[in-house]
Amino acid sequence: MRYLSIACLMALILCFLSDVVYAAINKPKATPSKILQGSGSIIGGVAGKGFSLLDLRKSQDIKHKVERVVFDIGNLQGRTLKGLPGYYHAQMLQNPSRLVIDFSQMPASKVNAHEIQKRLKGSMFIKSTELALDPIDQSLSVVLFLKNNPKAKVFQVSGVKNTSKVVLDLTL
């Protein structure tokens with residue numbers, strides 16, 4: 001019985017120390033954003049137990065020819081996510097001109113393909129969209145077919161007061 005108590009105590013100490021060491025070494029950091037035009041890619045986010053797409057919204061400034069698309073990222077249960085969003089990979093491709101954003105560990109979306117198309121209607125830079133949920137990979141892909149050959153800047157916003165976000169800025 002004495003050895004069992006010692007073993008349990010040692011296991012608890014090791015668990016605590018491994019969490020402290022992991023937190024000290026692997027602090028999630030924001031990835032620097034990069035401007036994509038023609039072709040290129042950027043990655044960001046962190047690993048987790050799973051994520052969901054809570055919302056998507058667009059705003060634009062026609063005078064300055066700037067458009068912003070915000071993807072609100074939640075946890076697997078569809079609730080607010082504090083901290084950085086889950087892994088994503090954004091890639092600008094040509095023929096046809098499109099921006100593909102793949103979200104890993106994201107088997108759920110509160111916004112369907114029809115709703116995304118509706119919300120992005122009237123965009124200065126987005127012609128049409130596609131949404132694909134892959135149940136095997138547990139990933140979500142958003143394809144934005146582009147017009148006017150825009151520059152794209154993709155970056156992440158850590159959730160502090162609100163949920164985490166992946167933000168896309170499109171400009172000429």
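For the structure, see preceding data.
Quick notes on the rules
Residues numbered from 1 in each chain as written. Predicted model: local features only at pLDDT ≥ 70, side-chain atom pairs only at ≥ 80, totals over all residues. Heavy atoms only, no water. Phe/Tyr/Trp six-rings, centres within 6.5 Å; stacked < 30°, edge-to-face > 60°. Helix = DSSP H or I, 4+ residues; strand = E, 2+ residues; numbered from the N terminus. Buried < 20%, exposed > 50% of the residue type's maximum accessible area, 1.4 Å probe, protein only. Lys NZ or Arg CZ within 6 Å of the ring centre and 35° of its normal. Pairing = 2+ DSSP bridges. Axes fitted to C-alpha atoms, helices over the stretch in contact; angles between N-to-C directions. Salt bridge = Lys/Arg side-chain N within 4 Å of Asp/Glu carboxyl O. Contact = heavy atoms within 4.5 Å.

### Some details on the packing of aromatic side chains
Applying the stated rule across the entire model yields one aromatic pair. With centroids separated by 5.6 Å and ring planes inclined at 55°, the aromatic side chains of F71 and F103 adopt a geometry described as tilted. On the criterion of sequence distance, the pair formed by F71 in strand β4 (residues 66–75) and F103 in strand β6 (residues 98–103) is long-range, its members being 32 residues apart. Note on F71: relative accessible area 0%, which makes it buried. Classification of F103 by relative accessible area gives buried; the value is 1%. Here the basic side chain of K153 rests over the ring of F155, its NZ or CZ set 5.9 Å away from the ring centre.

### What to know about the sheet that holds strand β9 (residues 139–146)
With respect to topology, five strands assemble into an open sheet ordered β2-β5-β6-β9-β8, the strand pairing being antiparallel. A strand with exactly one partner marks an edge of an open sheet, and here the two such strands are β2 (40–44) and β8 (126–134). Each adjacent strand pair in this sheet contributes to an overall mean axis angle of 10°, direction not counted.

### Remarks on the pattern of salt bridges
When the charged atoms of two side chains lie near each other, side chains of opposite charge can form a pair. A full pass over the atoms with the stated rule returns five salt bridges. Between D55 and R119 there is a salt bridge, with the nearest N and O atoms lying 2.2 Å from each other. Of the two residues, D55 is situated in strand β3 (residues 51–61) and R119 in helix α2 (residues 113–119); the sequence distance between them amounts to 64 residues. Residue classification places D55 among the partly exposed residues on the basis of a relative accessible area of 26%. The partner of K165 in a salt bridge is D72, with the nearest N and O atoms 3.7 Å apart. Taken together, the residues K165 in strand β11 (residues 164–171) and D72 in strand β4 connect sequence positions 93 residues apart. The pair formed by K165 and D72 is uniform in burial state, with each residue classed as buried. By sharing partners, the salt bridges in this structure join D55, E115 and R119 into a single network.

### Let's talk about the environment of I35
Here I35 shows up in strand β1 (residues 34–36). Along the sequence, I35 and A152 sit 117 residues apart, while their C-alpha atoms lie 5.5 Å from each other. Apart from residues no more than four positions distant in its own chain, I35 is found in contact with K151, A152 and K153.

### Details of the pairing of strand β10 (residues 151–157)
Every second residue of β10 is oriented toward a common face, the buried set being A152, V154 and Q156 and the non-buried set K151, K153, F155 and V157. One ladder, built from three bridges, connects β1 with β10; its direction is antiparallel. Directly across from I35, in β10, lies its bridge partner K153. Bridging between β10 and β11 involves seven bridges; their strand directions are antiparallel.

All we've got here are geometric facts, nothing functional implied.
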